[in-house]
Amino acid sequence: MADIQVYKRTPAEQSLAQRRAKQSMRGQVMMFSLMIFLTLISFSMVVAHEQGVAGFSKYFIVPILMLFAAVQVGLQLYYFMHMSEKGHGIPQMFMFTGALLGFLIPLTFATIVWW
Amino acid sequence: MSSVAQKKSFGATLWDWLTTVDHKKIGILYFLGGGFFFVIGGIEAMLIRWQLHKPDNDFVSAGLYNDLITMHGTTMIFLAAMPLLFGFMNAIVPLQIGARDVAFPFLNSLGFWMFFFGGLFLNISWFIGEVPDAGWTSYASLSLASQGHGIDFYAIGLQIAGGGTLMAGINFLVTIINMRAPGMTYMRMPLFTWTTFVASAMILFAFPPLTIGLFLLTFDRMFGGNFFNHEMGGNTIIWEHIFWIFGHPEVYILILPAFGIFSEIFSIFSRKRLFGYPSMVFATVLIGFLGFMVWAHHMFTVGLGPTANAIFAVATMAIAVPTGVKIFNWLLTIWGGSITVTTPMLYALGFIPSFVMGGVTGVMQGAAPLDYQLHDSYFIVAHFHYVIVGGVVLAILAATHLYWPKMFGTMLNEALGKVTFWFFFIGFHMTFLIQHWLGFWGMPRRVWKFMPNQGWDMANLISTIGAFFMAIGVIVLVYNVIITSIKNVKVANDPWGDGRTLEWAIESPPLYYNFAQTPLVRGLDSVWIEKMEGNASGLTPAEPVKDIHMPNGSIIPLLMSLGLFIAGFGAMFRTETEWGLGVLIFGLVFTFIAMAARSLQDDTGYYIKKEEILRDLKRKGGQN
Ligand code: HEM
Ligand SMILES: [Cu+2]
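Residues numbered from 1 in each chain as written. Chains lettered and ligands numbered in written order. Predicted model: local features only at pLDDT ≥ 70, side-chain atom pairs only at ≥ 80, totals over all residues. Heavy atoms only, no water.

Under the annotation held in an unreviewed UniProt entry, chain B carries the name Cytochrome ubiquinol oxidase subunit I and is attributed to Sporosarcina quadrami.

An unreviewed UniProt entry lists chain A under the name Cytochrome C oxidase subunit IV family protein, with Sporosarcina quadrami as the source organism. Heading Subcellular location (unreviewed entry) of the UniProt record for chain A holds this comment: "Cell membrane". (UniProt positions renumbered as here; feature names shortened; annotations may be inferred.)

So, in structure tokens, the structure goes:
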């Protein structure tokens with residue numbers, strides 16, 4: 001039967017792995033704060049709109065919210081789901097193709113079926 | 001298990017095939033399943049042509065005629081062409097990339113059994129006497145109005161079979177991405193592997209729309225939905241969009257592997273490296289991509305408006321460019337090569353003019369204003385048969401001869417192979433060339449009978465005679481297969497003598513672990529390179545001989561598919577019988593239990609011992 005092979009790291013590899021882990025942790029915390037910050041801005045914009053603050057019209061904040069949402073999806077994928085790391089080229093290609101089709105097809109539906 | 005031949009009882013052999021997860025055996029299962037449905041679809045075609053051989057014929061009734069054309073189209077696309085191609089992909093692609101199996105052997109088997117049970121489900125409609133009759137496109141207004149359970153058989157049968165196809169596609173993607181032998185970079189992959197890869201990616205994106213469309217149709221017909229019912233606020237055009245968002249990529253899913261097969265053949269039998277390999281790869285990917293951008297060319301006459309029609313017309317015509325690149329590359333591969341006209345090569349040579357004709361009529365139909373004239377006429381029938389028969393079916397027949405030794409260890413008779421080719425090729429052009437004119441002369445598509453003296457009588461008769469020629473060709477092929485199997489003369493690794501890719505460097509058929517040692521790939525056409533450099537075996541090993549990890553067989557895929565098959569009948573008879581709902585639930589529970597059994601059981605496979613591999617190597621004189 002299959003024996004599970006255990007690989008023991010050398011001290012050098014161990015310290016390298018630790019350094020990498022630290023770096024990635026720092027990146028994650030930074031991105032996490034950034035995302036919280038974006039969420040805060042989004043909420044405050046909506047509140048400002050509700051309160052009738054001048055300049056926060058619907059046509060201004062809806063596109064901005066969309067933009068922030070897109071940025072957050074990107075951060076989520078790249079930092080928390082590790083897509084920024086090496087060896088993710090193929091999954092990225094498939095995801096982008098899927099996203100492109102998922103965008104184009106509803107667009108055609110919107111323009112030629114429902115409009 | 002041992003590689004030494006053992007006499008096994010019939011029961012044990014049967015169990016071995018039902019539980020197999022070996023890509024080579026699954027390839028053969030796909031081949032046999034697809035071949036079986038090809039014959040059924042072929043018989044349906046002959047009945048259609050017999051009905052149309054003379055005006056005002058009463059051979060079949062109008063209703064039966066609709067059943068026949070619907071089942072012919074559906075069977076040929078989903079149950080014959082796709083599975084036959086999957087057969088070759090399974091049998092050959094893992095060998096071409098130097099792998100021992102596909103990435104998910106269990107899923108591979110599940111994919112096959114879902115196709116098989118889906119196909120069975122669809123065809124049981126013949127015995128119940130309520131057969132799908134809204135055409136293979138099953139446009140919603142028509143299919144919602146259809147009486148009886150015919151369309152239910154279509155929706156559920158294709159749902160099951162389509163699930164299998166999706167799994168097979170994902171499996172090939174993962175296999176090709178992850179399991180290539182050392183040195184096999186993307187730009188060293190043989191073209192058949194490349195086209196399998198792109199076709200699988202297209203399956204990944206094209207089959208989910210079909211799944212959704214079929215679910216909506218199922219709900220509309222069986223569970224009181226109104227997605228396509230305009231009286232209740234639905235929209236019948238949405239079905240057409242969804243169907244063609246799947247349907248146009250589907251035709252390229254069929255043709256790309258065919259392109260791959262012909263690329264291999266041209267290169268082998270011209271004894272030349274494929275001309276313009278990088279541009280071939282690029283064209284394949286581009287066709288795959290553009291294939292998703294053109295679906296509305298099937299709907300020009302729906303009334304999408306001039307802007308939409310113009311956009312889709314231009315996109316459609318753009319596909320002709322990468323296709324043209326391929327055609328010229330093939331011609332330039334033959335150019336100056338040392339050509340041997342074997343049966344596969346004969347098919348390849350016949351393919352070029354046939355497919356070009358189909359492509360040209362495609363571009364004609366892509367011109368939206370002209371399509372208003374051509375749409376739903378026999379011209380369309382001529383077009384798609386030129387691309388599908390002149391492209392896909394010729395490729396399947398060519399691959400049957402080319403890869404027969406690799407799959408079964410024997411060589412089909414060349415003389416009979418050429419007889420098959422000539423009957424089939426002449427019959428094909430005789431049947432479909434004249435149909436272009438039938439279209440021009442105004443004969444509409446999908447008509448049960450036509451009245452005499454409209455100038456269509458002679459042309460239809462010629463077309464029917466051509467169909468008989470094709471049938472004779474296929475019968476000769478079946479005869480060829482039978483005598484070859486009876487004679488059972490085993491052949492060596494590379495019976496064609498000029499194999500270029502890895503599959504030709506190992507036994508015919510390969511041992512169940514394919515490669516004793518994973519090969520090292522040093523370029524495109526790796527075996528050819530090795531041979532040119534004096535390495536007669538054609539392989540350089542990339543690793544020492546060591547234990548090989550293998551998956552265990554399993555009956556669970558068959559059981560999972562069986563559960564869905566049973567549930568299908570339950571869904572269909574749910575409202576009109578007492579047992580319907582019970583059977584639906586039973587079938588689904590059955591499948592879920594089978595899935596749970598698979599998840600809970602900890603099957604880590606087994607190892608083939610190094611000693612056994614060394615023994616096999618010694619038996620073969622130290623070669624792979
Ligand atoms: C140069 C490439 C091609 C072009 C420009 C093209 C264009 C078209 C167009 C515009 C139609 C719709 C005609 C109508 O219904 O009015 C059509 C129908 C069709 N094409 Fe093609 N095509 C091409 C290649 C292919 C290939 C490679 C296949 C299959 C292997 C294929 C299979 C079909 C089928 C099955 C239909 C009829 C579907 C139906 O209505 O039942 N085509 N083609
Ligand atoms: Cu199309």
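Following the structure, the description resumes.
Trainee: Account for the coordination of the iron atom of ligand 1, with residues named and values stated.
Mentor: Ideal coordination angles are 109.5 degrees for a metal with four donors arranged tetrahedrally and 90 or 180 degrees for a metal with six donors arranged octahedrally. Coordination of the iron atom of ligand 1 by the protein involves just one donor, B:H383 (NE2), at a distance of 2.2 Å. With respect to the helices and strands, the residue B:H383 is situated in helix α13 (residues 378–408). (Donors = N, O, S within 2.8 Å, 3.2 Å for Na, K, Ca; no water. Helix = DSSP H or I, 4+ residues; strand = E, 2+ residues; numbered from the N terminus.)

Trainee: Can you tell me about the coordination of the copper ion (ligand 2), naming the residues and giving the values?
Mentor: All names here are of chain B. Protein coordination at the copper ion (ligand 2) comes from H248 (ND1), H297 (NE2) and H298 (NE2), with a distance range of 1.8 to 2.0 Å. Donor residues for the copper ion (ligand 2) sit on one chain with the sequence pattern H-x48-H-H. Taken as an interatomic distance, the gap from the copper ion (ligand 2) to the iron atom of ligand 1 is 4.5 Å. Of this pair, H248 sits in helix α8 (residues 236–269) while H297 sits in the loop between α9 (277–290) and α10 (306–334); the two residues are 49 residues apart in sequence, bridging distant segments of the chain. The same class applies to H248 and to H297, which are both buried. (Buried < 20%, exposed > 50% of the residue type's maximum accessible area, 1.4 Å probe, protein only.)

Trainee: Let's hear about the site of ligand 1: which residues, and what values?
Mentor: Residue and element names in this part refer to chain B. Around ligand 1 lies a shell of 23 residues, among which W136, D371, H375, H383 and R445 are the nearest. At 2.9 Å from a nitrogen atom of ligand 1 is found a side-chain nitrogen or oxygen belonging to H383. Those elements that provide at least two residues to the shell around ligand 1 are α8, α11 (343–366) and α13. For the shell around ligand 1, the leading source of residues is α11, giving six residues. (Near = heavy atom within 4 Å. Polar contact = N/O pair within 3.5 Å; in protein donor to acceptor, adjacent residues only side chain to side chain.)

Trainee: Tell me what's going on with the side chain of B:E250, and back it up with residues and numbers.
Mentor: Residues and elements named next belong to chain B. Tracing the backbone shows E250 in helix α8. Buried and unpaired, E250 has no salt bridge, with R445 as the nearest side chain of opposite charge at 14 Å. Leave out the neighbours within four places in its chain, and E250 touches I77, M82 and F207. (Lys, Arg positive; Asp, Glu negative; His and termini not counted. Salt bridge = Lys/Arg side-chain N within 4 Å of Asp/Glu carboxyl O. Contact = heavy atoms within 4.5 Å.)

Trainee: Please provide a residue-by-residue account of empty space enclosed by the protein, values included.
Mentor: Residue and element names in this part refer to chain B. Counted under the stated rule, the structure contains six cavities of 30 Å³ or more. The computed volume of the largest cavity comes to approximately 100 Å³. In terms of lining residues, the largest cavity is bounded by P190, L191, S263, E264, S267, I268, L274, Y277, R500, T501, L524 and D525. It is α8 that contributes the most residues to the lining of the largest cavity, four residues altogether. There is about 70 Å³ of room inside the second largest cavity. Contributing to the lining of the second largest cavity are Y30, F78, M82, P83, F86, G111, F115, A161, G162, G164 and T165. Mapped onto the lining of the second largest cavity, the elements with two or more residues apiece are α3 (62–96), α4 (105–128) and α6 (150–178). Here the residues of the lining of the second largest cavity sort into seven nonpolar, four polar and no charged. (1 Å grid on protein atoms, 1.4 Å probe; cavity = no way out; pocket = protein on both sides within 12 Å on 5 of 7 lines; lining within 4 Å. Points joined across faces, edges and corners; volume = space filled by probe spheres on them. Nonpolar A, V, L, I, M, F, W, Y, C, P; charged D, E, K, R; others polar.)

Trainee: Just give me the short version of the packing of aromatic side chains, but keep the residues and values in it.
Mentor: Residue and element names in this part refer to chain B. Within the structure shown, the criterion is met by 65 aromatic pairs over all chains. Measuring from ring centre to ring centre gives 5.7 Å for F31 and F88, while their planes differ by 65°; the resulting arrangement is edge-to-face. Highlighted residues: F31 in helix α2 (residues 23–51) and F88 in helix α3, separated in sequence by 57 residues. Pair check on accessibility: F31 and F88 agree, each one buried. With a centroid separation of 5.8 Å and 65° between ring planes, the pair formed by F112 and F115 is classed as edge-to-face. Of this pair, F112 and F115 both sit in helix α4, three residues apart, roughly one helical turn. Relative accessible area serves as the criterion here: at 3%, F112 is assigned to the buried category. (Phe/Tyr/Trp six-rings, centres within 6.5 Å; stacked < 30°, edge-to-face > 60°.)

Trainee: Explain the UniProt feature "domain: Cytochrome oxidase subunit I profile" (unreviewed entry) in chain B to me, using residue names and the numbers behind them.
Mentor: When the UniProt feature table is mapped onto this chain numbering, "domain: Cytochrome oxidase subunit I profile" (unreviewed entry) sits at residues 9–522 of chain B. Along residues 9–522 of chain B, the helical share is 70% and the strand share 0%, with 44 Å between the first and last C-alpha atoms.

Trainee: Mind laying out the interface of chain B and chain A, listing which residues take part and the relevant values?
Mentor: One widely used convention gives an interface's size as the accessible area the parts lose upon coming together. Between chain B and chain A, the contact holds 23 residues from the first and 15 residues from the second. Of the roughly 1,500 Å² buried at the junction of chain B and chain A (both faces included), carbon and sulfur atoms supply 89%. Where chain B meets chain A, there are zero salt bridges. Viewed at the interface, chain A and chain B are joined by zero residue pairs in polar contact (both at pLDDT 80 or more). Only α6, α7 (191–222), α8, α10 and β2 (606–608) of chain B provide two or more residues apiece to the side of chain B that touches chain A. (Buried area = accessible area lost by both parts, 1.4 Å probe.)

Trainee: Go over the UniProt feature "transmembrane region" (unreviewed entry) in chain A, please, and point to the residues and values.
Mentor: All names here are of chain A. Those residues carrying the UniProt feature "transmembrane region" (unreviewed entry) are residues 29–48, 60–81 and 93–114 in this numbering. Summarising residues 60–81: 95% helix, 0% strand, and an end-to-end C-alpha distance of 31 Å. Along residues 93–114, the helical share is 100% and the strand share 0%, with 30 Å between the first and last C-alpha atoms.

Trainee: Give a description of unusual backbone geometry that names residues and reports values.
Mentor: Residue and element names in this part refer to chain B. A cis geometry characterises the amide bond from S508 onward to P509, with omega recorded as -15°. Residue placement: P509 occurs in the loop between α15 (457–487) and α16 (526–532). Notably, R446 is not glycine yet its phi reads approximately 55°, a positive angle. Within the fold, R446 resides in the loop between α14 (414–440) and α15. The phi dihedral of N488 falls on the positive side, at around 50°, and the residue is not glycine. Assignment of secondary structure puts N488 in the loop between α15 and α16.

Trainee: Give me the environment of B:P132: which residues, what numbers.
Mentor: Checked against the element boundaries, B:P132 lands in the loop between α4 and α5 (140–145). Ignoring any residue separated from it by four or fewer positions in sequence, one finds B:P132 in contact with B:N66, B:D67, B:T70, B:M71, B:L122, B:S125, B:G150, B:I151, B:F153 and B:Y154.

Trainee: I'd like a rundown of the environment of B:S561, residues and numbers included.
Mentor: All names here are of chain B. Checked against the element boundaries, S561 lands in helix α17 (residues 556–572). Note on S561: relative accessible area 0%, which makes it buried. Measuring from C-alpha to C-alpha, the distance between S561 and M179 comes to 27 Å, with 382 residues separating the pair along the chain. In this structure, S561 is in contact with L110, W113, M114 and F117, ignoring residues within four places of it in sequence. A polar side-chain atom of S561 sits 3.5 Å from the main-chain amide nitrogen of M114.

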